[in-house]
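# Structural overview for review
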Amino acid sequence: MTVKFNNRDPVYVQVIRHFKEQIAKGYFEPGQEIPSRRELANQLKINPNTAQRAYKEMGEQGLIFTEGNMPSCITKDEAVLKSVREELIIEAVDLFLSSIKSIDVPLSEVLELVKKKHDAESGEAEESK
C-alpha cells in the first residue's frame, strides 16, 4: 500500500481519504480484513499514533469495525459504502464547478465537453487493454 502525502492536510486525514478511495474503487471488499495499525504505520512509514488516529476516525465514521481482539475490517454496511462513493464524487464535482465558475460557461456546454472527454478517455482505456 502506498500513499503520496501532501504537506497541506494532516497525515491521518490523508490515510482516511486513501481508504475511502480504495473502498470506492472496489479494492476493499465489504468485510475485508485490513492491516493492523502497526502494519499500516510500517507500510506507509508513518507514526503508529497517526495510524491509530486514522483507524479511530474511520471507526467513528462507520468505515471499519473491530470486534474484540480480531483484526479491523471494512464495513459491510451498504449505505456507508455507497455514501463514501457519493462523498468522493460530490467533492470532485464541487472542485470542478468552483474552478470553471469564474469563466461563466453554460451548463449545456460543460456537460457536452465532459461527455466528450469521458468518452475519449474511455476509448483510450479500452485500447490499452
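Look a little higher up for the structure.
Residues numbered from 1 in each chain as written. Predicted model: local features only at pLDDT ≥ 70, side-chain atom pairs only at ≥ 80, totals over all residues. Heavy atoms only, no water.

## Regarding the overall build of the chain
Applied cut-off: The numbering of helices and of strands both runs from the N terminus, where a helix is a DSSP run of H or I of at least 4 residues and a strand a run of E of at least 2. With the radius of gyration taken over C-alpha atoms, the globule rule is written as 2.2 Å times the number of residues to the power 0.38.
Helix and strand content of the chain: five helices and two strands. Counting from the amino terminus, the chain carries its helices and strands in the arrangement α-α-α-β-β-α-α. Here the chain has a C-alpha radius of gyration of 18 Å; the compact-globule value for 129 residues is 14 Å, and the former is much larger. Viewed in the frame of its principal axes, the chain has a C-alpha envelope of about 55 × 30 × 30 Å.

## Details of the pattern of salt bridges
Note the following rule: We define a salt bridge as a contact between a side-chain nitrogen of Lys or Arg and a carboxyl oxygen of Asp or Glu at a distance within 4 Å. Throughout, exposure labels follow a simple rule: accessible area from a 1.4 Å probe, protein chains only, divided by the maximum for the residue type, with under 20% read as buried, over 50% as exposed, and the rest as partly exposed.
Under the definition given, this model contains eight salt bridges. For Lys-82, the salt bridge is made with Glu-86, and the minimal N-O distance between the two is 3.8 Å. Placement of the pair is Lys-82 and Glu-86 together in helix 4 (residues 78-100), with a separation of four residues, close to one helical turn. Lys-117 is paired through a salt bridge with Glu-121; the nearest N and O atoms lie 3.4 Å apart. With Lys-117 and Glu-121 both in helix 5 (residues 107-127) and four residues apart, the pair spans about one turn of that helix. When its relative accessible area of 52% is taken as the criterion, Lys-117 is described as exposed. Put simply, Arg-17, Glu-21 and Glu-91 are held in one network by salt bridges that share partners.

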